[in-house]
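# Fold and geometry: a report
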Amino acid sequence: MKKQDRLPVKREPFTPSAEVKNTHKSAPELKHRFKSIFTDGIRSVGVSDDDKFLVITFEGAQGWIKVLDLDRLEFMPHDYSSHTESVRLTSISKDCRTVYTASWDCTFRRFDILNGSFDWILRGYGRSPSCFLDPREKLLFTASYDQDFDLSARNNGRCWDIATGEEINVYR
């Protein structure tokens with residue numbers, strides 16, 4: 001094909017979008033778009049088991065977490081802002097009321113989704129890239145870059161008792 005035979009491509013401006021599809025035949029399909037009010041890009045997302053909340057973490061060092069109510073298509077009015085560095089990953093409880101966070105500020109926190117408050121902090125290790133809530137919701141598994149504080153240390157995984165906040169095991 002010759003250069004003069006090609007038509008110019010018209011490009012539309014990019015609009016961020018979010019789409020949730022439920023594959024169950026009895027449930028309606030939900031599609032929507034929203035424009036982020038933040039200048040930092042999105043780092044991670046998590047959807048609650050009941051498809052009611054979308055938990056969003058952002059790039060940058062602000063430690064922002066926002067929760068989008070998917071029924072109303074509005075952000076919850078809370079800041080979830082106790083982290084001092086970027087939140088890397090989240091894990092949502094089965095009852096859809098609690099979100100666990102792993103942050104670059106070397107902490108893991110537990111937030112109440114409905115009121116925005118947090119009730120405990122696990123800390124004392126390196127930057128934290130991930131957390132996972134076990135299916136029985138009794139344990140929280142985390143990873144941390146322990147070499148941040150001790151060059152002779154290795155990066156480790158940990159298992160925490162959610163009821164007490166105590167460290168149960170270290171995986172090296």
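Residues numbered from 1 in each chain as written. Predicted model: local features only at pLDDT ≥ 70, side-chain atom pairs only at ≥ 80, totals over all residues. Heavy atoms only, no water.

### Notes on the sheet that holds strand 3 (residues 42-47)
Within a sheet, each strand pairs with its neighbour through backbone hydrogen bonds, oriented either parallel or antiparallel. Here we have four strands laid out as an open sheet, ordered 3-4-5-6, and antiparallel in their pairing. Lying at the two open borders of the sheet, with one neighbouring strand each, are strand 3 and strand 6 (74-75). With five bridges connecting them, strand 4 (residues 53-58) and strand 5 (residues 65-69) associate as antiparallel partners. Note on strand 5: the bridge partner recorded for phenylalanine 53 is aspartate 69. (Pairing = 2+ DSSP bridges. Helix = DSSP H or I, 4+ residues; strand = E, 2+ residues; numbered from the N terminus.)

### Some details on the nonpolar core
Membership of the largest hydrophobic core is limited to 11 residues, which are Phe53, Val55, Ile65, Val67, Met76, Tyr80, Val87, Ile92, Val99, Phe111 and Ile113. Elements that contribute at least two residues to this core include exactly strand 4, strand 5 and strand 7 (87-92). Excluding its chain neighbours within four sequence positions, the residues that come into contact with isoleucine 113 are Phe53, Val67, Met76, His78, Tyr80, Ile92, Cys96, Arg97, Thr98 and Val99. Core analysis: the second largest hydrophobic core is formed by 10 residues, Phe108, Trp120, Cys131 and Trp160 among them. (Core = buried A, V, L, I, M, F, W, Y, C linked by side-chain atoms within 4.5 Å. Buried < 20%, exposed > 50% of the residue type's maximum accessible area, 1.4 Å probe, protein only. Contact = heavy atoms within 4.5 Å.)

### Notes on the side chain of histidine 83
Here histidine 83 shows up in the loop between strand 6 and strand 7. Relative accessible area serves as the criterion here: at 3%, histidine 83 is assigned to the buried category. A polar contact of 3.3 Å, which involves the side chain of histidine 83, links it to the side chain of threonine 107. At 3.3 Å, the side chain of histidine 83 forms a polar contact with the side chain of arginine 109. If we skip the residues at most four places from it in the chain, histidine 83 touches Gln62, Gly63, Ile65, Thr101, Ser103, Asp105, Thr107, Arg109 and Phe111. (Polar contact = N/O pair within 3.5 Å; in protein donor to acceptor, adjacent residues only side chain to side chain.)

### Considerations on the environment of serine 86
Here serine 86 is to be found in the loop between strand 6 and strand 7. With relative accessibility at 3%, the residue serine 86 sits in the buried group. Sequence separation between serine 86 and alanine 61 is 25 residues, and the spatial gap between their C-alpha atoms is 4.6 Å. In contact with serine 86, not counting residues within four places along its chain, are Arg43, Phe58, Gly60, Ala61, Gly63, Ala102, Ser103 and Trp104.

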